[in-house]
Amino acid sequence: SVIAGGSSEADASVIKVACVGDSITWGNGSSSGKSYPAQLRELLGSAFEVKNFGVSGRTLLKKGDYPYWNESSYTESKEYLPDVVIIMLGTNDSKSQNWAYKSEYKSDYIDLINQYKSLASNPKVYVATSPMALDNTMNIRKDVIANEIVPLQKEIAEETGCKLIDINAYTQG
């Protein structure tokens, strides 16, 4: 039988995963089909539907130069009504023009988590730490990520009861 929205009952059992983030999520610099959401889709198999809502250059900070909050991908990620949300935002926040608002990073992040947790689909939210930056390319500051942003991301995950995916630890070395 068909459920509202035109999907079959078999489709209703598929677990929907929304990958939220910046160019790292979108897959800039990776080979075609090798963004982390594309690889996750392959690893998880047909019981999961993984969608990529990454947008290059975006910040978690609402006062950042290019806030994720202002993107249609943000709206679409919520309309998708995911069962799982993976948030990986913070790398572009390390740029000095954005990190000037570092005192708002934690509250903005918690607000974003709560926006997803309040969806009718009641998704599980994962906080993925920013990966290790290799150098200070494109004004992304390696020291700010390592010493300020990643510790905040870990703190936020713990305080909000979100699972942590420590991408930073996995990308060391």
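Higher on the page you've got the structure.
Residues numbered from 1 in each chain as written. Predicted model: local features only at pLDDT ≥ 70, side-chain atom pairs only at ≥ 80, totals over all residues. Heavy atoms only, no water.

A. Examining the overall build of the chain more closely. Secondary structure summary: the chain contains eight helices and five strands in total. Secondary structure elements of the chain, listed N to C terminal, follow the sequence α-β-α-α-β-α-β-α-α-β-α-β-α. Taking 16 Å as the expected radius of gyration for a compact globule of 173 residues, we find that the chain reaches 16 Å, a close match to that expectation. Over its C-alpha atoms, taken along the principal directions, the chain stretches across nearly 55 × 35 × 25 Å. Counting across all 173 residues of the chain, residues that qualify as buried make up 43%. In the chain, 74% of the contacts between residues at least 6 apart in sequence involve partners at least 24 apart. When the accessible surface of the chain is totalled, it reaches about 8900 Å², and 50% of it is carbon and sulfur. (Helix = DSSP H or I, 4+ residues; strand = E, 2+ residues; numbered from the N terminus. Rg over C-alpha atoms; globule rule 2.2 N^0.38 Å. Buried < 20%, exposed > 50% of the residue type's maximum accessible area, 1.4 Å probe, protein only. Contact = heavy atoms within 4.5 Å. Areas by Shrake-Rupley, 256 points an atom, 1.4 Å probe, with all protein chains shown as cover.)

B. Layout of helix α4 (residues 72-79). Those residues of α4 that sit buried are S73, Y74 and S77. Down the axis of α4, the smallest arc covering the buried residues is 105°, so these residues share one side. As for α4, its buried residues are in contact with β1 (15-21), β2 (48-54) and α6 (105-117). L81 occupies a position one or two residues after α4 and carries a positive phi of about 50°. (Arc of directions from axis to C-beta.)

C. Structural context of the packing of α4 against α6. Put simply, α4 and α6 touch, their axes get as near as 10 Å, and they point 40° apart. Contacts between α4 and α6 involve Y74, S77 and K78 from the former and L112, Q115 and Y116 from the latter. The residue makeup of the contact of α4 with α6, split by class, is three nonpolar, two polar and one charged. (Axes fitted to C-alpha atoms, helices over the stretch in contact; angles between N-to-C directions. Nonpolar A, V, L, I, M, F, W, Y, C, P; charged D, E, K, R; others polar.)

D. A look at the nonpolar core. Ranked by size, the top nonpolar core spans 32 residues in total, and within it Y68, I87, Y105, Y109, L112, I113 and Y116 carry the most contacts. Here the element with the most residues in this core is helix α7 (residues 142-160); it accounts for seven residues. Residue contacts for L112: discarding those within four places in its chain leaves L60, W69, Y74, I87 and L89. Ranked by size, the runner-up nonpolar core spans eight residues in total, among them V17, C19, V50 and A128. (Core = buried A, V, L, I, M, F, W, Y, C linked by side-chain atoms within 4.5 Å.)

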